Amino acid sequence: MSRNNGGETIRKTPWRYMLSGMTRNKAVATVGLTLTMVSTLLTVFPAVFIGLAAREIQNTAAMTAQFVNYVWLIIIFGLLYMGLFFVGGWVWATLTLRWERDARQDFFEALQVNSMTFHDEFDSKRLLAVAMQDIQWVRFSLNPALRNIATGLASFFITALLLIQMDWLPGLSTMLTIQIGSYAIPIYGFTIIMLLGFPIYLIFSYRYANAIEPVRRNRSENMEALTSITQGVFQGIEVVRAFDAEEFEIKKFHDISKSQESLTAKEGKLSAFYLPALILAGMTTVAFAYAGYAVINGIMDVSQLIIILGLLTALQGLNFQFPMMLLILRGGFVNAQRIVDFLNWEDPMTEPEEEVLDVDWTGDVVFDNVSFRYGREENNNPHYAIRNLSITIPGGSRVALIGGPGAGKSSLLKLLLRLYDPTEGEIRVGGVNLRNVSTKSVRDVVGLVEQDIFLFRMTIRENIAFGRSGASDEEIISAAKRAQADEFIVEMPEGYDSMIGERGMTLSGGQRQRLAIARAMVQNPKILLLDDSVSAVDAQTEYLMRKALDEVMKDRTSITVTQRLRTLMESDMVIILDKGHLVASGRHEDLLRESEHYRRVFERLPGAQELLATISKRGGVA
Amino acid sequence: MGMHGPMGPRGGPRGLMGKKEKRSRPIRVLLGRMVHYLGNFKRIVIIGAILSLVATIVGVIIPLVLRDGINSVNLVGSFNILLSLTILFLALSVVSWVMGGVNTWIMSIAQAGLVQSVQEDVYKHLVAADLSYHKAEQAGNVTSRVTSDATNLSTGIQVLINFASQALTLGASFILLWLMSPYLALTSLVVVPGILFIAGLFGTVGQRIMLASQRASGEVSGQIAENLGGIHVAKAFNRETELAEHMMSLNQKAYKYGFRFMILMTSMQPLMMSIGQFAVAAMLFVAGSLAVGVLPVLSLGDIFLAVSLVRGIMFPLLGLSMMATQVQSSLAAMDRVTDVLESKAAIVDASGAVPLREESDGIYFKNVVFEYIKDTPVLKNVTFSINPGETVAIVGHTGAGKTTIAALVNRFYDPLQGGIFIGDQNIRDVQLHSLRHAMSLIPQEPYLFDDTIMENIRYGNVDATDDEIIELCKIIGANEFIEVLANGYHTQIIQSGKNLSAGQRQMVTIARTMLANPKILILDEATSRLDAYSESLVQDAQELLFNNRTTIVIAHRLTTIANASRVLVFDHGVLVEQGTHEELLAKDGVFKSLYETYYAHQGLEEITEEVAEVAKAVVTEHGGEKPEPLVPSMVMGMGSMAMSAMSEMMGSHENIPPEMLEKLRVRLENDPDSIPPQMREMLQKVLGNTKSTKGSESGAGK
Ligand SMILES: Nc1ncnc2c1ncn2[C@@H]1O[C@H](COP(=O)(O)OP(=O)(O)OP(=O)(O)O)[C@@H](O)[C@H]1O
Ligand SMILES: Nc1ncnc2c1ncn2[C@@H]1O[C@H](COP(=O)(O)OP(=O)(O)OP(=O)(O)O)[C@@H](O)[C@H]1O
Ligand SMILES: [Mg+2]
Ligand SMILES: [Mg+2]
């Protein structure tokens, strides 16, 4: 696997998942954080220089060199800040964007590795949303959110240090005291303001984020629902029209978009009033009064008042960023939770610890009391797709599988491909339990042409070559010929290089089926499974195709789900399923004689009436 | 995505952002439209504007108070003044907070309402839009008209709303500085070049990188969607590794562009801050020079104020200069939305349309010509009639136009020429909803909504009770499988039905249509995924429930059309034959050949005939001596019964009747591909032998 990250981003808890962006390269993360802090320092100090410059002016009433120096210092700090911040930003960008890239890759690979049970359980639209949006939001929660929060805290901290340091100015500690008995306890004004105000600010910020987060999540979930309903309607617009249900759908949309509106408004209301901003204003007010009082009393000079006000007003800038960043950070946790839930999904399908390698794939295929339910054990799906199925398919035989809708035909084929494992019982090929063979080995030798053909958005050549990596051009063409696909492919303007999908060709059902068969042919399977795969192919073509397939499948087992009488008659064995149960199996002639059910089905098949008539004319079945 | 997966259209929510289209309307018109939408929220917007003005003014006053505070303690030293200024400061802070908050709040109400009303407008239009539009566009793209475009719009409107307050802040700050000293005001202008530089950078390079980055991540998203849609294929062929590698390369590309974009954004912030710092330094210098000397123009408090006002100049300026870029994507969104809103659906009720009358029944096509794409007619001058209560089958090769006829009857499209009548009413003059109410279509591709099975069936008739639905399912044979599902009728369908078998999906759509209980029923390959037995159950049910209703059955399978009293045969958009089965077979035309090569594909007669023919040919050639070695390879896989039938034939007829040979020859001439090559070869030999005796021209295939 190309996982360059060794699954590094896959962690078991949301917090660790979230922070893995930082922790996976601690040195770089430390550098990034440090740079961020230092550059913050550089933004705080100019307020001090302004105050000092003001003092110069007050004291000298002239443009001294010292004053000009302060001006220069501000400029130099500005330049330094620009450089440091940029480098810091670079480090953060590298760190977090790489994480995002790898996390997405890992997530995708994890999804790919999960068995079909997983993919049945979750809508792929949702998986896509998690792979794209949730991972991105987790990254947002590190950069910019965590980074900005670090900046904010740092500037808070530095400001606090600078202010608290003022309390130690001579005279200030004795300006206000509390008289307890004979002791005069000094009041450290700025210390109190900062030590009290700062935690309160943080607590309220946290509560703010906490209050909004659920609303915000509701809103985005509602939005997801809205999107998915809308898309469903547009996808099925013909159905909507055919049932004259436009009004109904418009009403439905109206309701959900109205609730979207009210959720958005609610979020707007909650987020409009950021209480901590008031707290900061309160702190500034108190500091203003306190420092002003000190100036009036001659304990501080006015330049210090300017410094204090400068520092505190600079903090106001936080009010713009801090709440949003907190929200993102808080939300990032929820996103991480969603991701981790998928990553921690327990796959019921396990690879054998010790694989049996020498399997005789042309040997008998035995279903030994097999029962199968979709979904995981814990979901407790009561519905068995296959129930207590026991049957032996002799190696090398051609088997036809019939049964009504939902009889379990496709499920049986999927079990043979080890897309799923039986819930109970076992499947043996050549005497080996399939569970003891890795999925990779099974799928190397078993070929399936599925009922609903899926072709990739690639050229025809690539689609056929999908059957086996490294298939040569000759193999592709010979497979296409066998599947009787070559004839229509070469007639296309770009032949084998025609694009399929979106802006490419649209193929008819029969053409698609033939491509899918060619794809399976390239694989050169030892066991071939055809799930109603020629239903849209005409008789002549099918006949030729079968001949070509039979050539390849000589002495190999093939199982065909079919509605066609001819296939039934040509098969070595017919298996009838009904609602997951085996009804009967055997040769066509024997079944005709022995199985009531088969006769009933058979009679309905086109052409059967005539056939039965000729048989009876000649006096019964041979 | 592949073309058939149950996945939704690819591209995800970003699919659309990749391509940048040119705007087609002037900015003025688009802005006008935005303002028009805002007009619905006039009161709120006005209140918001007032509040935001007040908040802005207060925001400008606050530094003034601080300045006075500094000056008062410095120069006057009055305790009372300090106290009142403190209180004033606090009061102003609270007022500004409340105003700002209320403003944000009510603006978010207006914005949410606006988004909703745009969304609903667009949605209504899209639901009514012509089917050709929906066919041409991916459902995902159509959806983003409703979702992301409306959201984009609201961002632009937000920016526009902020415009006033930013301009005001800018103006007020500048005037204040000017009042203190024109020099200060002029100094504040040092930020202008920097800001313009940033805005320019963002508007050009930034925009480009952003688009590239969005496109790259759109590719990633599209690929993930496709790979998830085809996951079972990837698994079946063990191709996960290759797909992961491909994904890795896309991911890397997205990373590359994402990184560039982020670096750009990262440099923006320090640039801005530094420009601010430089302006502060300049302001300090100038203010300092004005505050010294014998007659200082400025006090210390003024220096503080001047420096504070730099912020009041810079941020609004930045906001204003970025506005163009930010508003641009909303203008593009507005443009796309306008496209939708201004498009007129072609299929609407005609003025004076009347309901379909109760007694109108039967379907009449009169010289109908139709084309999807200009100048490629799909139906050519089609005329036929289906009498009330009649069941008529439509057959024909792939692409013959069968589905198109069904679509026209439903008036999904209007014919180019000619008319379609129900009874004696032209459907153009009938109210759409009454028309569609009267008929039901089972489309070729079963489509289910992501809802429960029960609700999906109820879609046919919202008033149906659960019992009615279950009753119907019992009749058509769907009840047995629905009942045993995990949650029975309340089983949630996911992703258009990936948790149902193919036949089950089709059964649900059949149930849905039958529930609608239409006057006219159109079945487009409705039972193609059912086995013959289940199909017969459905047919019996149809017989029972819809006996004597006008019905069109479109099918490839012979069994499906068995109940039809007449068959219409289409070929390349032309009605080539019509009549009963027997009439058509007797005619020996297209239907006969279709019947032989296509519709009979399930039956035995053709293969036996073919085999028998060849076998006889072989017999002729070898004089009946040793057919054995050739037979197995020819009739590979024949059931023993067919074999016995064949050998019986071979045994009983030593000589091939001449009419059979003639038939073979004709076939070889007209349609050599329909005969397997090996047989063809043999036939050629055989026919070559008989040629002289028959006296027909040579060259029966080469
Ligand atoms: N939305 C469309 N836009 C353009 N061309 C179309 C569209 N739908 C169908 N066609 C073309 O119109 C012709 C008739 O198509 P139609 O779907 O009616 O065939 P059909 O007889 O139903 O075939 P099938 O048996 O494969 O279902 C075909 O050539 C097809 O490519
Ligand atoms: N992914 C799935 N998740 C849950 N249940 C499923 C899933 N796929 C199939 N089933 C159920 O398992 C049963 C057997 O389905 P299967 O697809 O094997 O039927 P089938 O014989 O192939 O039918 P058809 O002829 O309609 O294709 C059905 O009842 C179906 O609802
Ligand atoms: Mg199936
Ligand atoms: Mg069709």
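Residues numbered from 1 in each chain as written. Chains lettered and ligands numbered in written order. Predicted model: local features only at pLDDT ≥ 70, side-chain atom pairs only at ≥ 80, totals over all residues. Heavy atoms only, no water.

## A few points about the overall build of chain A
Stage number 1. If you tally the helices and strands in chain A, you get 22 helices and twelve strands.
Stage number 2. For chain A, whose C-alpha radius of gyration is 37 Å, the value lies well above the compact-globule estimate of 25 Å for 622 residues.
Stage number 3. Principal-axis analysis of the C-alpha atoms gives chain A an extent of 130 × 50 × 50 Å.
Stage number 4. Within the span of chain A, comprising 622 residues, buried residues form 58% of the whole.
Stage number 5. Sequence separation of at least 24 residues holds for 76% of the intrachain contacts in chain A that already meet a minimum separation of 6.
Stage number 6. As displayed, chain A has an accessible area near 24100 Å², and 56% of this comes from carbon and sulfur atoms.
Stage number 7. Each charge sign in chain A was given a centre, from 61 positive and 68 negative side chains, and these centres are 3 Å apart. (Helix = DSSP H or I, 4+ residues; strand = E, 2+ residues; numbered from the N terminus. Rg over C-alpha atoms; globule rule 2.2 N^0.38 Å. Buried < 20%, exposed > 50% of the residue type's maximum accessible area, 1.4 Å probe, protein only. Contact = heavy atoms within 4.5 Å. Areas by Shrake-Rupley, 256 points an atom, 1.4 Å probe, with all protein chains shown as cover. Lys, Arg positive; Asp, Glu negative; His and termini not counted. Charge placed at Lys NZ, Arg CZ, Asp CG, Glu CD.)

## A few points about unusual backbone geometry
Residues and elements named next belong to chain A.
Stage number 1. The peptide bond linking N143 to P144 adopts the cis configuration, its omega dihedral lying at 20°.
Stage number 2. Examined against the element boundaries, P144 turns out to sit in helix α5 (residues 124-166).
Stage number 3. Backbone geometry places N380, a non-glycine residue, at a positive phi of 55°.
Stage number 4. Mapping N380 onto the fold places it in the loop between β3 (365-373) and β4 (384-393).
Stage number 5. The backbone phi angle of N388 is positive, close to 40°, even though this residue is not glycine.
Stage number 6. What makes N388 partly exposed here is its relative accessible area of 44%.

## A few points about the side chain of T452 of chain B
Residue and element names in this part refer to chain B.
Stage number 1. Take T452: it is sitting in the loop between β6 (439-442) and α14 (453-458).
Stage number 2. T452 sits in the buried class, given a relative accessible area of 12%.
Stage number 3. Setting aside its immediate chain neighbours within four residues, T452 contacts Y489, H490, T491, Q492 and I493.

## Focus on the site of ligand 2
Stage number 1. Not every one of the 21 residues close to ligand 2 is listed here, only the nearest: S410 and S411 of chain A together with S501, G503 and Q504 of chain B.
Stage number 2. Residues close to ligand 2 are split across chains A and B.
Stage number 3. The side chain of Q451 of chain A places a nitrogen or oxygen atom 2.9 Å from an oxygen atom of ligand 2.
Stage number 4. A distance of 2.6 Å separates an oxygen atom of ligand 2 from a polar backbone atom of G503 of chain B.
Stage number 5. In the complex, the protein chains occlude 94% of the 630 Å² of accessible area that ligand 2 would expose alone.
Stage number 6. Counting residues per element, the ones that place at least two in the shell around ligand 2 are α12 (409-416) of chain A together with α17 (502-516) of chain B.
Stage number 7. By residue class, the composition of the shell around ligand 2 is seven nonpolar, eleven polar and three charged. (Near = heavy atom within 4 Å. Polar contact = N/O pair within 3.5 Å; in protein donor to acceptor, adjacent residues only side chain to side chain. Nonpolar A, V, L, I, M, F, W, Y, C, P; charged D, E, K, R; others polar.)

## Some words on the packing of α5 of chain A against helix α11 (residues 318-343) of chain A
Stage number 1. Running from N to C, α5 of chain A and α11 of chain A cross one another at 140°; their axes reach a closest spacing of 7 Å. Between α5 of chain A and α11 of chain A the crossing geometry is left-handed. (Axes fitted to C-alpha atoms, helices over the stretch in contact; angles between N-to-C directions. Left-handed = near helix turned anticlockwise from the far one by under 90°.)

## So, the domain arrangement of chain A
All names here are of chain A.
Stage number 1. Assigned domains of chain A: these are domain 1 (14-216 + 276-343) and domain 2 (365-586).
Stage number 2. A separation of 60 Å is found between the C-alpha centroids of domain 1 and domain 2.
Stage number 3. On the side of domain 2, six residues touch domain 1, which itself brings five residues to the contact.
Stage number 4. Its largest share of buried area at the contact with domain 2, domain 1 owes to M116, T117 and E121, together 78% of the area lost on that side.
Stage number 5. Scanning the region where domain 1 abuts domain 2 turns up one salt bridge.
Stage number 6. When the shortest N-O distance is used, the salt bridge between E121 and R376 registers 3.2 Å.
Stage number 7. Classifying every residue of the side of domain 1 that touches domain 2 gives one nonpolar, two polar and two charged. (Domains from an automatic or database assignment. Buried area = accessible area lost by both parts, 1.4 Å probe. Salt bridge = Lys/Arg side-chain N within 4 Å of Asp/Glu carboxyl O.)

## Observations concerning the coordination of the magnesium ion (ligand 4)
Residues and elements named next belong to chain B.
Stage number 1. Surrounding the magnesium ion (ligand 4) are the protein donor atoms T403 (OG1) and Q444 (OE1), at 1.8 to 2.3 Å. A residue pair is termed long-range when its members are at least 10 positions apart, and T403 in helix α12 (residues 402-409) and Q444 in the loop between β6 and α14 qualify at 41 residues.
Stage number 2. The class of T403 is partly exposed, set by a relative accessible area of 35%.
Stage number 3. Residue classification places Q444 among the partly exposed positions, given a relative accessible area of 36%. (Donors = N, O, S within 2.8 Å, 3.2 Å for Na, K, Ca; no water.)

## Observations concerning the packing of aromatic side chains
Stage number 1. All told, the structure shown has 45 aromatic pairs over all chains when counted by the stated rule.
Stage number 2. Measuring from centroid to centroid gives 5.1 Å for F49 of chain A and F77 of chain A, while their planes differ by 85°, and the two rings are edge-to-face. Highlighted residues: F49 of chain A in helix α2 (residues 26-60) and F77 of chain A in helix α3 (residues 65-113), separated in sequence by 28 residues.
Stage number 3. Here a set of aromatic residues connected by ring pairs shows up, and it is made of F156, F198, Y201, Y208, Y274 and F322 of chain A.
Stage number 4. Across the ring face of Y255 of chain B, the terminal group of R101 of chain A is positioned such that the distance to the ring centre comes to 4.7 Å.
Stage number 5. Against the face of F466 of chain A rests R239 of chain B, its NZ or CZ located 5.1 Å from the ring centre. (Phe/Tyr/Trp six-rings, centres within 6.5 Å; stacked < 30°, edge-to-face > 60°. Lys NZ or Arg CZ within 6 Å of the ring centre and 35° of its normal.)

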